[in-house]
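Reading the structure
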Amino acid sequence: MLRKVRSHGSVVQRVVMMTPRQCTIAKPQFPLAFSFFNTIVRPPVATMSTPDDGIFTQKRVLRSKVKKDLRSMDPVLRSQQDDAIQNLILEAPWFKSCKRLCAYISCSALREVDTSKVLHNVLQKETAKILYVPRVEDKNCHMRMLNISRMDDLIANSMNILEPAPLDAHGNPRQDVMLADEPIDLLLLPGLAFDKTGRRLGRGGGYYDTFLSKYQELARQRNWKQPLLIALSYSVQILEDGVIPLTPSDVFIDALVSPSGFIPITSAAQEIIP
């Protein structure tokens, strides 16, 4: 820019270079709300809540309560109920007659009803049963049920929970129940809480509800009989009817096995009672 300066009584023009730090822009004297050069204060944007938000909160609170109750269980009582539940299953006609089933691998750290005795029975060669057990593939509710023939087929995952290795001892992919040619007869399911109307409260990951929905759809497409969904439950996990909140993705169970006995819920479960 040009700047006039005096030198020995005369006016001369000198070119003066302004650096970015020297160059300032005068702000217009507008009120703050109308200034383009000041931060405009705007009211916060309201977030819309949905009915599901309340349901998820209710489920979270209920999970905390049930987990506390499970932690408070006497270890001797838990062991007694584990034995009672597994003995009931092993003696049940519906279990003895089944040929293909899915069952969970119990985790003591999660305080799930023990299934080790049932699994060892299924894997005996003389039973001739085909067993599929869960393998979690990712954190997006993706769980597969893969065939195993012995307990040595199981490995500990990152959470120290046993699950099948994706390949068998010969390096071949394990059979996925979703790709099997024959339907399964029943699924033995875990959970945090249940009621006698068939509601089931899981741990919040959605893995079982997602898998069950997909398998039920597969059974409909192939005109297969729907498998029985039977949950294993300690006495403390059976809640009053209607206490467990529901979302559209929740899958109902057919029956419960508790220390006090087999509790049928649906007509399908009623039909298997001798």
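The coordinates are above.
Residues numbered from 1 in each chain as written. Predicted model: local features only at pLDDT ≥ 70, side-chain atom pairs only at ≥ 80, totals over all residues. Heavy atoms only, no water.

Quick look at the overall build of the chain now. Summing up its helical and strand segments, the chain has six helices and 13 strands in all. Within the span of the chain, comprising 274 residues, buried residues form 38% of the whole. Considering only contacts within the chain whose residues lie at least 6 apart along the sequence, 65% involve residues at least 24 apart. Accessible surface, the chain as shown: approximately 16,900 Å² in total, 55% of it carbon and sulfur. (Helix = DSSP H or I, 4+ residues; strand = E, 2+ residues; numbered from the N terminus. Buried < 20%, exposed > 50% of the residue type's maximum accessible area, 1.4 Å probe, protein only. Contact = heavy atoms within 4.5 Å. Areas by Shrake-Rupley, 256 points an atom, 1.4 Å probe, with all protein chains shown as cover.)

Another aspect to go through is the side chain of Arg174. Considering the arrangement of structural elements, one finds Arg174 in the loop between β7 (162-164) and β8 (186-189). A distance of 2.6 Å separates the side chain of Arg174 from the backbone oxygen of Ala165, its partner in a polar contact. Only 3.4 Å separates the side chain of Arg174 from the backbone oxygen of Leu167, close enough to count as a polar contact. If near-sequence neighbours (up to four positions away) are discounted, Arg174 is found in contact with Leu146, Asn147, Ile148, Asp153, Pro164, Ala165, Pro166, Leu167 and Asp168. (Polar contact = N/O pair within 3.5 Å; in protein donor to acceptor, adjacent residues only side chain to side chain.)

Turning our attention to the nonpolar core. In terms of nonpolar packing, the biggest core is built from 63 residues, with Trp94, Phe95, Leu101, Leu131 and Leu188 touching the most fellow members. Among the elements that take part in this core, helix α5 (residues 207-221) stands out by supplying seven residues, more than any other. Among all residues touching Leu131, those that are not within four sequence positions of it are Leu101, Ala103, Leu119, Val122, Leu123, Leu146, Asn147 and Ile148. (Core = buried A, V, L, I, M, F, W, Y, C linked by side-chain atoms within 4.5 Å.)

Further remarks concern the sheet that holds strand β13 (residues 261-264). Reading across the sheet, the seven strands line up as β5-β4-β3-β8-β11-β12-β13 and stay open at both edges, with mixed pairing between neighbours. The open sheet is flanked by β5 (143-148) and β13, the only strands paired with a single partner. Ignoring which end each strand starts from, the neighbouring axes of this sheet average 25° apart. In this structure, strand β11 (residues 228-232) lies alongside strand β12 (residues 255-258), joined through three bridges in parallel fashion. Across the sheet, the residue bridging to Ala231 is Leu256, located in β12. Relative to the sheet, helix α2 (residues 75-91) contacts β11, β12 and β13, its axis offset from that of β12 by approximately 125°. The strands touched by α5 are β4 (130-136), β5, β8 and β11; relative to β5, the strand with the most contacts, the crossing angle is about 75°. (Pairing = 2+ DSSP bridges. Axes fitted to C-alpha atoms, helices over the stretch in contact; angles between N-to-C directions.)

Here β11 lies mainly inside the structure; five of its five residues are buried. Residues Leu228, Ile230 and Leu232 point to one face of β11 and Leu229 and Ala231 to the other, with burial holding for every one of them.

Further remarks concern unusual backbone geometry. Positive phi, normally seen in glycine, also occurs at Asn160, with a value near 65°. Its location among the elements puts Asn160 in the loop between β6 (154-156) and β7. Its identity as a non-glycine residue notwithstanding, Asn223 has a phi of 60°, on the positive side. Relative to the helices and strands, Asn223 is located in the loop between α5 and β11.

Attention now moves to the environment of Lys67. For Lys67, the position within the fold is in helix α1 (residues 51-71). Linking Lys67 and Leu192, residues 125 residues apart in sequence, is a C-alpha distance of 7.5 Å.

We now examine α5. Taking 1.5 Å as the rise per residue, α5 with 15 residues should run 21 Å; its terminal C-alpha atoms sit 21 Å apart, in good agreement. The set of residues buried in α5 consists of Tyr207, Tyr208, Asp209, Phe211, Leu212, Tyr215, Leu218 and Ala219. Residues of α5 that are buried make contact with β4, β5, β8, β10 (200-201) and β11. Once α5 finishes, Asn223 follows within two positions and takes phi at roughly 60°, a positive value. (Expected span 1.5 Å × (residues − 1).)

Moving on: the environment of Ile85. Its location among the elements puts Ile85 in helix α2. Ignoring sequence-local partners within four residues, the contact set of Ile85 consists of Val113, Leu232, Ser233, Tyr234, Val257, Ser258 and Pro259.

Let us now look at the pattern of salt bridges. If you walk through the whole model with that rule in mind, you get 11 salt bridges. The residue Glu91 makes a salt bridge to Lys96 at a minimum N-O spacing of 3.7 Å. Just as Glu91 is exposed, Lys96 falls in that class too. Note that Asp153 and Arg174 form a salt bridge whose closest N and O atoms lie 3.5 Å from each other. Remark: Arg174 occurs in the loop between β7 and β8 and Asp153 occurs in the loop between β5 and β6; sequence separation between them is 21 residues. (Salt bridge = Lys/Arg side-chain N within 4 Å of Asp/Glu carboxyl O.)

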